[in-house]
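Listed here are the chains, written in short residue letters.
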Amino acid sequence: MVNRQVLLRERPVGVPRADQFEVVERPVPDPGAGEVLIRNHWLSVEPAMRGWVNDAPNYLPPVPVGAVMRSYAVGRVERSNHAMWRAGDVVTGMFGWQEWAAVPGSVIDRKVDDDLPPSTALGVLGLNGITAYFGLLEVGEPRPGDTVVVSTAAGSVGSAVGQIARIAGCRTVGIAGGPAKVALCREAFGFDAAVDYRSPDFEAQLAAACPDGVDVYFDNTAGAVSDAVYRLLASRARVVVCGTASVQDWSPAPLGPRVERVVLVKRARIQAVLAFDWKARYPEALGRLGAWVRDGLIAYREDVLEGIGEAPGAIAGLYKGENMGKRLIRVGS
């Protein structure tokens, strides 16, 4: 029995490259007291992983060099020394980029619902959906009739934000890269309008899509895309800062347009969202998100890579825009 693991080989600066990871083979571990042995079936790939491996201030300490790459996963409990979990349970938690994980029972977040695909626990019913839920509803405070603009709107977080905003009675405008993703925003995720930030007339298209200004901006990118949105903020707009995907390096911090005057004149509010801050309310979010998925009110897409050997280059590919939907790695049937 062999456990294939992806280790961080060297400390990246910016977006991690494939050669900064290595795949190793080790024996399958035995679970100790209070631990469970999990056979992972699905591994998650997150934009946040760039921050997890860089040696820069962040909300989590950096993954140590030589350690298994931090990752959410879904797997099956094969052996259990913990009273709460039994063999056969399909569970999710921070199990890492590896085929087998022996972890304390407390590391398991929850048992995965039987009636939905288990992979959804890493996307629309995982960190991405939870971030969209609390970021929009609690931080963005959408009101019926508001114009909600979302960057990386075809991604796993952005697509959920757009659909939750429509459920809340808002008009939705998505920003995505390339005609295929713009079409995905409109046709699969129901955005009222979608614009391509790569178009030469992007700013004009965005202004035309937001004739009454932007009431809520869900920012997954920072950079030039967000600069364009800030110029269109409506009075008392709310900006939800979720990610900075367009900025390659924060040391030194890049300089750009100053937003303070716009924020002052429009009496706008800027606030970040980290899903971990809402952990006590995860059951609420998962309950409502699951109901919306079952009722067909939220659609999702998955971009599946086959085998753990695909993991080292998966983050870099995410930042190149290769994925069409939530990026996952399948390591078991």
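Right above here is the structure, for reference.
As the structure is a prediction and not an experimental result, all values here were calculated from the model.

Draft legend 1. Local environment of the overall build of the protein chain. Helix and strand content of the protein chain: nine helices and 15 strands. A compact globule built from 333 residues would reach a C-alpha radius of gyration of about 20 Å, and the protein chain, at 20 Å, matches this within 12%. With respect to the three principal axes, the spread of C-alpha positions in the protein chain is 60 × 45 × 35 Å. When each of the 333 residues of the protein chain is scored for burial, the buried share is 52%. For the protein chain, the share of sequence-separated contacts (at least 6 apart) that also reach a separation of at least 24 residues comes to 67%. Within the structure as shown, the protein chain displays about 14,500 Å² of accessible surface, and the carbon and sulfur contribution to it stands at 52%. The positive charge centre, built from 36 side chains, and the negative charge centre, built from 37, are 3 Å apart in the protein chain.

Draft legend 2. Layout of helix 4 (residues 179-187). Of the residues making up helix 4, those classed as buried are Lys181, Val182, Leu184 and Cys185. The buried side chains of helix 4 occupy one side of the element, clustering within an arc of 155° when seen end-on. Opposite its buried face, helix 4 presents the exposed residues Pro179, Ala180 and Glu187, each directed more than 90 degrees away. The inward-facing, buried residues of helix 4 contact strand 9 (171-176) and strand 10 (193-196).

Draft legend 3. Structural view of the side chain of Gln20. The topology assignment puts Gln20 in the loop between strand 1 (2-8) and strand 2 (21-27). For Gln20, a relative accessible area of 3% gives the class buried. Within polar-contact distance, the side chain of Gln20 engages the side chain of Glu10 at 3.3 Å. At 2.8 Å, the side chain of Gln20 forms a polar contact with the backbone nitrogen of Arg17. When sequence neighbours within four positions are dropped, the list of residues in contact with Gln20 reads Leu7, Leu8, Arg9, Glu10, Arg11, Pro12 and Val15.

Draft legend 4. The pattern of salt bridges, seen in detail. One pass over the full model with this rule turns up 18 salt bridges. A salt bridge links Arg17 to Asp19; its shortest N-O distance comes to 2.9 Å. Among the charged side chains, a network of salt bridges with common partners joins Arg9, Glu10, Arg17 and Asp19.

What counts as what
- Residues numbered from 1 in each chain as written.
- Predicted model: local features only at pLDDT ≥ 70, side-chain atom pairs only at ≥ 80, totals over all residues.
- Heavy atoms only, no water.
- Helix = DSSP H or I, 4+ residues; strand = E, 2+ residues; numbered from the N terminus.
- Rg over C-alpha atoms; globule rule 2.2 N^0.38 Å.
- Buried < 20%, exposed > 50% of the residue type's maximum accessible area, 1.4 Å probe, protein only.
- Contact = heavy atoms within 4.5 Å.
- Areas by Shrake-Rupley, 256 points an atom, 1.4 Å probe, with all protein chains shown as cover.
- Lys, Arg positive; Asp, Glu negative; His and termini not counted.
- Charge placed at Lys NZ, Arg CZ, Asp CG, Glu CD.
- Arc of directions from axis to C-beta.
- Polar contact = N/O pair within 3.5 Å; in protein donor to acceptor, adjacent residues only side chain to side chain.
- Salt bridge = Lys/Arg side-chain N within 4 Å of Asp/Glu carboxyl O.

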